[in-house]
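# Understanding the architecture of this molecule
So you can see what is in the structure, the chains are spelled out below.
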Amino acid sequence: MSTVEMAPQDPKRAAVLTAAVTVFGRYGFQKTSMEAVAKAAGISRPGLYLMFPNKEQLYRATMQGVMEGAQQAMESCLADRSTSFAERVVAGLDALMGPYIDTQMARDLNELLENSEPQLGSMFHDYQKRAQAALRTHIDATAPSDLLDQERTADDVMDLLFSAALTWKSTSASRDEFRERIRRALRLLHH
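Heads up: these notes are all about the structure in this document.

## Focus on the overall build of the protein
A count of helices and strands for the protein gives 10 helices and 0 strands. Across its three principal directions, the C-alpha atoms of the protein cover 60 × 30 × 30 Å. For the protein, the computed accessible surface area is about 9800 Å², with 50% contributed by carbon and sulfur atoms.

## Observations regarding the packing of helix α5 (residues 85–97) against helix α8 (residues 123–142)
Two elements in contact, α5 and α8, have axes whose closest approach is 11 Å; the angle formed by their N-to-C orientations is 175 degrees. Considered as vectors, α5 and α8 are oriented roughly antiparallel to each other. For the pair formed by α5 and α8, the contact residues are Phe85, Arg88, Val89, Leu93 and Leu96 on the first element and Ala131, Leu135, His138, Ile139 and Thr142 on the second. Tallied by class, the residues present in the contact of α5 with α8 amount to 7 nonpolar, 2 polar and 1 charged.

## Concerning the packing of aromatic side chains
According to the stated counting rule, one finds 3 aromatic pairs in the structure shown. Each ring, one from Phe24 and one from Tyr59, has its centre 4.9 Å from the other, and the planes form 70 degrees; the classification is edge-to-face. Of this pair, Phe24 sits in helix α1 (residues 11–31) while Tyr59 sits in helix α4 (residues 55–79), and the two are 35 residues apart along the sequence. The pair formed by Phe24 and Tyr59 is uniform in burial state, with each residue classed as buried.

## Considerations on the nonpolar core
The biggest cluster of nonpolar side chains holds 29 residues, and the ones touching the most others in it are Val89, Leu93, Leu135, Ile139, Leu161, Phe162 and Ile182. Secondary-structure elements contributing two or more residues to this core are α4, α5, α8, α9 (154–171) and α10 (175–190). Per-element tally for this core: the top contributor is α9, with 8 residues. Formed by 28 residues, the second largest nonpolar core is a distinct cluster that contains Leu17, Ala20, Leu112 and Leu113.

## Some words on the packing of α9 against α10
The contact between α9 and α10 brings their axes to 10 Å, and the two run at 155 degrees. It follows from the interaxial angle that α9 and α10 lie roughly antiparallel. Crossing of α9 over α10 shows right-handed handedness. The residues of α10 that touch α9, namely those facing Val157, Leu160, Leu161, Ala165, Trp168, Lys169 and Thr171, are Glu177, Phe178, Arg181, Ile182, Ala185, Leu186 and Leu189. Residues of the contact of α9 with α10, tallied by class, amount to 10 nonpolar, 1 polar and 3 charged.

## Description of helix α2 (residues 34–41)
Every buried residue of α2 is listed here: Met34, Val37, Ala38 and Ala41. Taken down its axis, α2 places every buried residue within 100 degrees of arc, on the same side. The secondary structure elements touched by the buried residues of α2 are α1, α3 (45–51) and α4.

Thresholds applied
- Every chain's residues receive numbers from 1 upward, in the order its sequence appears when written.
- Whole-chain, interface and lining totals are the exception, using all residues; otherwise, since this is a predicted model, local features are given only for residues with pLDDT of at least 70 and side-chain atom pairs are given and counted only at 80 or more.
- Side-chain figures throughout are based on the complete set of non-hydrogen atoms in the structure, without hydrogens or water.
- Helix and strand assignments come from DSSP, with helices taken as H or I runs of at least 4 residues and strands as E runs of at least 2, each series counted from the N terminus.
- Using a 1.4 Å probe, accessible areas were evaluated by the Shrake-Rupley method; residue-level cover was limited to the displayed protein chains.
- Here the axes come from fitting lines to C-alpha atoms, over the contacting stretch only for helices, and the angles between their N-to-C directions go from 0 to 180 degrees.
- Working rule for angles: under 35 degrees goes down as roughly parallel, over 145 as roughly antiparallel, 65 to 115 as roughly perpendicular, anything else as oblique.
- Any pair of residues with heavy atoms lying within 4.5 Å of one another is described as a contacting pair.
- Each residue receives one of three labels: charged for Asp, Glu, Lys and Arg, nonpolar for Ala, Val, Leu, Ile, Met, Phe, Trp, Tyr, Cys and Pro, and polar for the others, Gly being one of them.
- Aromatic pairing here means that ring centres of Phe, Tyr or Trp (its six-membered ring) are within 6.5 Å. Orientation follows from the plane angle: under 30 degrees is stacked, over 60 is edge-to-face, and everything else is tilted.
- Three exposure classes are used, based on accessible area relative to the maximum for each residue type with a 1.4 Å probe and protein chains only: buried under 20%, partly exposed in between, and exposed over 50%.
- Take the buried residues of types Ala, Val, Leu, Ile, Met, Phe, Trp, Tyr and Cys, join any two whose side-chain atoms come within 4.5 Å, and each joined set is a nonpolar core.
- Note on convention: the crossing is left-handed when the near helix lies turned anticlockwise from the far helix by less than a right angle, right-handed when the turn is clockwise.
- Think of the arc as the fan of directions from the helix axis to the C-beta atoms.

Okay, here's the thing in structure tokens:
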């Protein structure tokens with residue numbers, strides 16, 4: 001999946017993890033073989049085993065790269081002061097969740113991430129909590145004065161937007177629709 005950034009230092013490892021995203025996204029954890037990932041990455045199976053001793057470790061590293069890339073992209077969008085508060089929030093949530101909307105592989109990868117507790121443990125949940133904390137901090141620090149008050153805190157706004165975005169990620173036909181839904185929610189919160 002080319003829209004997901006991998007950031008390992010070793011270019012060979014980066015190529016393997018990029019190939020693994022595609023293979024795991026297409027076939028799921030159970031049906032993916034180390035042979036298929038090695039072939040997609042253009043390396044030998046023994047070479048893959050030198051990097052990752054088993055499929056579970058390859059999967060964890062792959063999904064960690066996917067989640068870390070999405071987290072970094074979201075934080076980058078939230079930090080971009082050249083756009084409005086609302087557009088930063090829209091861009092941030094889109095960077096975090098939007099890549100899992102448009103294509104079948106993106107939907108497959110999304111389903112894979114959401115159903116990976118046996119292989120990933122709390123990793124997916126931990127990244128969601130980290131993303132929520134970043135969004136909450138951004139809202140608290142930069143929200144327009146009319147958005148927050150004693151009854152509507154940054155935590156309330158974050159919880160509403162994040163929960164809605166999770167639903168909209170699954171029900172939007174396109175990323176444009178997803179982004180527009182977030183914009184509408186922000187407009188409603190301002191009134």
